[in-house]
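Observations on the model geometry
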Amino acid sequence: MEKIQLTKSKVGKAKTMDAEKKELQEAINRALKAANRALKKNDFEKVADIYYRIAYMMNDLGDLETARKFSEAAKQFKEKNRILNEINNLMAVADAAYQNHDYISVAENYLKISSLAEIFGDKSTSQRFKTEAEKFLEMAKLQLKTGAPKITSMSNFASSIQSQVPSSIQLQPGVARGKSKSSLGYDEALVALGLICRHCGKDIDPDLKKCPNCGNLI
Ligand SMILES: [Zn+2]
């Protein structure tokens, strides 16, 4: 808290509107870079969280159109995260069924995964799991325990369902003019974007789970 106060008084009113706008833009772009890092780790929940933060900022700045886009994208990432978790659960069930040579159960779970992949718009993964499911159904019919088809790996699944994250956004010229600056103020904006820890005031990155300084959840 103390550090936030200190920075605030230091910034004061000396800065021009353009400088503040530029700083805020850099802050938002830093948050976007963090979203990209989270995306590379397939951490869709984090991506959604950072997108909601950016949407909140853009809304505060009066750029409702960009705010809406980020909010919409955040919703999609949240949904992706939900479906991906569901697929991971089904994979675990299928894996356990495979260990027990319960090939009908493997096939059933693979068919569910196939449907979920289709919702994602990932046709090739959907088809792959459908084909595998058919193989396991054949296996169940034959009741053979040797030469069973190898259980499909999830390793490449998440990479095929990634969406594009922009590496930077440009604040609209009219945004800062219409509303001289964010009503939050620059330091509050950094906290809202997850670039400053709201517990200890240290500089952080919003793609982290915990603050490296105080250990609180971000
Ligand atoms: Zn902290």
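Let's shift gears to the coordination of the zinc ion. Only Cys 197 (SG), Cys 200 (SG), Cys 211 (SG) and Cys 214 (SG) from the protein coordinate the zinc ion, and they sit 2.3 Å from it. Of the residues examined, Cys 211 reaches a relative accessible area of 2% and is grouped as buried.

On to the packing of aromatic side chains, then. Any pair of aromatic rings gets described here by the distance separating the centres and the angle formed by the planes. Throughout the structure, instances matching the rule amount to 8 aromatic pairs. Between the aromatic rings of Tyr 51 and Phe 77, the centroid separation amounts to 5.6 Å while the plane-to-plane angle is 85 degrees, which identifies the pairing as edge-to-face. One end of the pair, Tyr 51, is in helix H3 (residues 44-60); the other, Phe 77, is in helix H4 (residues 64-99), and 26 residues separate them in sequence. With a relative accessible area of 2%, Tyr 51 lands in the buried category. Take Phe 77: its relative accessible area is 3%, and that puts it in the buried class. A network of ring pairs unites the aromatic residues Tyr 98, Tyr 103, Tyr 110, Phe 129 and Phe 136 as a single cluster.

Moving on, we come to the nonpolar core. Nonpolar side chains in soluble globular proteins tend to be buried together. Counting 33 residues, the largest nonpolar core has Ile 28, Tyr 51, Ile 54, Met 58 and Leu 193 as the members making the most contacts within it. Within the residue set of this core, elements represented by two or more residues are helix H2 (17-40), H3, H4 and helix H8 (186-193).

All right, on to the packing of H3 against H4 then. Relative to each other, H3 and H4 sit at 165 degrees, their axes nearing to 8 Å. Of the possible angle classes, the one that applies to H3 and H4 is roughly antiparallel. As for how H3 packs across H4, the hand of that crossing is left-handed. Here the contact of H3 with H4 is built from residues that sort into 15 nonpolar, 4 polar and 4 charged.

With that settled, the discussion passes to unusual backbone geometry. Phi at Asn 42 is positive, roughly 55 degrees, even though this residue is not glycine. With respect to the helices and strands, the residue Asn 42 is situated in the loop between H2 and H3. Using a relative accessible area of 26% as the deciding quantity, one classes Asn 42 as partly exposed. At His 101, a residue that is not glycine, the phi angle is positive and equals roughly 60 degrees. Along the polypeptide, His 101 turns up in the loop between H4 and helix H5 (103-119).

Within the secondary structure layout, Tyr 103 lies in helix H5. On the accessibility criterion, Tyr 103 (4% relative accessible area) is buried. Through-space distance from the C-alpha of Tyr 103 to that of Ala 133 is 8.8 Å; in sequence the pair is 30 residues apart. Reaching out from Tyr 103, the side chain makes a polar contact with the side chain of His 101 at a distance of 3.1 Å.

Overall, the predicted model of the protein chain reaches an average pLDDT of 82, with 78% of residues at or above 70. Averaged pLDDT values for the elements of the protein chain fall to 46 in helix H1 (residues 2-11) and rise to 94 in H3. Low pLDDT, under 50, characterises residues 1-12; the stretch is placed with 14 contacts to residues that sit more than four places away or in other chains.

Right, let's get into the pattern of salt bridges. Under the counting rule described, the total for this entry stands at 12 salt bridges. Between Arg 68 and Glu 65 there is a salt bridge, with the nearest N and O atoms lying 3.1 Å from each other. One end of the pair, Arg 68, and the other, Glu 65, are both in helix H4, 3 residues apart, so they sit about a helical turn from each other. Among the residues examined, Glu 65 registers a relative accessible area of 40% and is labelled partly exposed. A salt bridge links Glu 79 to Arg 82; its shortest N-O distance comes to 2.9 Å. In this pair, Glu 79 and Arg 82 are both assigned in helix H4, 3 residues apart and thus about one turn of the helix distant. Beyond isolated ion pairs, a larger network of salt bridges with shared partners links Arg 30, Arg 37, Asp 205 and Asp 207.

The rules behind the values
- Residues numbered from 1 in each chain as written.
- Predicted model: local features only at pLDDT ≥ 70, side-chain atom pairs only at ≥ 80, totals over all residues.
- Heavy atoms only, no water.
- Donors = N, O, S within 2.8 Å, 3.2 Å for Na, K, Ca; no water.
- Buried < 20%, exposed > 50% of the residue type's maximum accessible area, 1.4 Å probe, protein only.
- Phe/Tyr/Trp six-rings, centres within 6.5 Å; stacked < 30°, edge-to-face > 60°.
- Helix = DSSP H or I, 4+ residues; strand = E, 2+ residues; numbered from the N terminus.
- Core = buried A, V, L, I, M, F, W, Y, C linked by side-chain atoms within 4.5 Å.
- Axes fitted to C-alpha atoms, helices over the stretch in contact; angles between N-to-C directions.
- Parallel < 35°, antiparallel > 145°, perpendicular 65-115°, else oblique.
- Left-handed = near helix turned anticlockwise from the far one by under 90°.
- Nonpolar A, V, L, I, M, F, W, Y, C, P; charged D, E, K, R; others polar.
- Polar contact = N/O pair within 3.5 Å; in protein donor to acceptor, adjacent residues only side chain to side chain.
- pLDDT = per-residue confidence, 0-100.
- Contact = heavy atoms within 4.5 Å.
- Salt bridge = Lys/Arg side-chain N within 4 Å of Asp/Glu carboxyl O.

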